[in-house]
Amino acid sequence: MTAERTATPDDLRYTEAHEWVRVLDGNRVRVGVTDHAQEQLGDVVFVQLPTVGDTFAQGDALGEVESTKSVSDIYAPLAGEVVAVNSALEDSPELINSAAYGEGWIVELQLGDTGADEVAGLLDASAYRQLVEGA
């Protein structure tokens, strides 16, 4: 494994279920699965995305990732409404493997009024690295 493949960007927040969150403008966040998660999954062959307008509570399953090894739920790291999905994953699900923190993002959520506090409650990069290394 190279350092680049196992990188955990410091500007993101993380969940214990291996999702990442990038804060965008206006109480909006982008969500994906971590590099660690995609390594555990193996080659991703299909992604089930939610529909724009769907709402989820924190911890709800919002989609699935199917790989050559298994099918895994993607969980909503925060409560919110889906305002965008990465439709590129429909034709190229392997983007999750090749660009977990970039073009392999899953959804964008519009958070409620307490969204900033909820984001602050997620793991920072250091805490996520400790979680992964302790596993």
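Read on for an overview of the structure. Position labels on residues start from 1 in each chain and follow its written sequence. With pLDDT at 70 or above as the cut-off, local features in this predicted model cover only qualifying residues; side-chain atom pairs require 80 or more to be listed or tallied, and sums for whole chains, interfaces and linings still use all residues. Computation of side-chain values: all heavy atoms of the structure, hydrogens and water removed.

Another aspect to go through is the overall build of the protein chain. Runs of E in the DSSP output that reach at least two residues are strands. Runs of H or I that reach at least four are helices, and both are numbered from the N terminus. Across its full length, the protein chain holds 5 helices and 9 strands. Only C-alpha atoms enter the radius of gyration, while the globule expectation follows 2.2 Å times N to the 0.38, with N the number of residues. Against the compact-globule benchmark of 14 Å for 135 residues, the protein chain has a radius of gyration of 14 Å, which places it among compact chains. Overall, the C-alpha framework of the protein chain stretches about 40 × 35 × 20 Å when taken along its three principal axes. Per-residue burial over the protein chain gives 41% buried out of 135 residues. Contacts were defined at the residue level, with two residues in contact if any of their heavy atoms lie within 4.5 Å. Put simply, 62% of the contacts in the protein chain that link residues at least 6 apart link residues at least 24 apart. Accessible surface for the protein chain amounts to roughly 6900 Å². Of this, 46% is attributable to carbon and sulfur atoms. Only protein chains enter the area calculation, which uses a 1.4 Å probe; residues under 20% of their type maximum are buried, those over 50% are exposed, and those in between are partly exposed. Under the convention used here, a 1.4 Å probe and the Shrake-Rupley method define accessible areas, while residue burial counts only the protein chains that appear.

Although it is not a glycine, histidine 18 sits at a positive phi angle of roughly 75 degrees. Positive phi is not limited to glycine here, since asparagine 27 has a value of about 60 degrees.

Attention now moves to the packing of aromatic side chains. Working definition: rings of Phe, Tyr and Trp (its six-membered ring) pair if their centres are within 6.5 Å, and the pair is stacked with planes under 30 degrees apart, edge-to-face with planes over 60 apart, and tilted otherwise. Using the criterion set out here, one finds 2 aromatic pairs in the structure. With 4.7 Å between their ring centres and 15 degrees between their planes, tyrosine 14 and tyrosine 128 make a pair best called stacked. Taken together, the residues span a long stretch of sequence, with tyrosine 14 in strand β1 (residues 13-14) and tyrosine 128 in helix α5 (residues 125-134) at a distance of 114 residues. You'll find tyrosine 14 and tyrosine 128 in the same group, each marked buried. A ring pair is formed by tryptophan 20 and tyrosine 101, whose centres lie 6.0 Å apart and whose planes are at 55 degrees; its orientation type is tilted. Placement of the pair is tryptophan 20 in strand β2 (residues 19-23) and tyrosine 101 in the loop between α3 (95-98) and β9 (107-110), with a sequence separation of 81 residues. Tryptophan 20 sits in the buried class, given a relative accessible area of 0%. Judged by its relative accessible area of 16%, tyrosine 101 is buried. The positively charged end of arginine 30 is found above the aromatic ring belonging to tryptophan 105, 4.2 Å away from the centroid. Two limits define a charge over a ring: the Lys NZ or Arg CZ must be within 6 Å of the ring centre, and within 35 degrees of the ring normal.

Two side chains bearing opposite charge may form a pair once their charged atoms approach each other closely. When a carboxyl oxygen of Asp or Glu lies within 4 Å of a side-chain nitrogen of Lys or Arg, that pair is called a salt bridge. Counted under the stated rule, the structure contains 3 salt bridges. In this structure, a network of salt bridges that share partners links the residues Arg28, Arg30 and Glu108.

Here we take up α5. Every buried residue of α5 is listed here: Ala125, Tyr128 and Val132. Take α5 and look down its axis: the buried residues cluster within an arc of 60 degrees, on one side only. Seen from the open side of α5, the exposed residues pointing more than 90 degrees away from its buried face are Gln130, Glu133 and Gly134. Each C-beta atom gives one direction from the helix axis, and the arc is the one those directions make.

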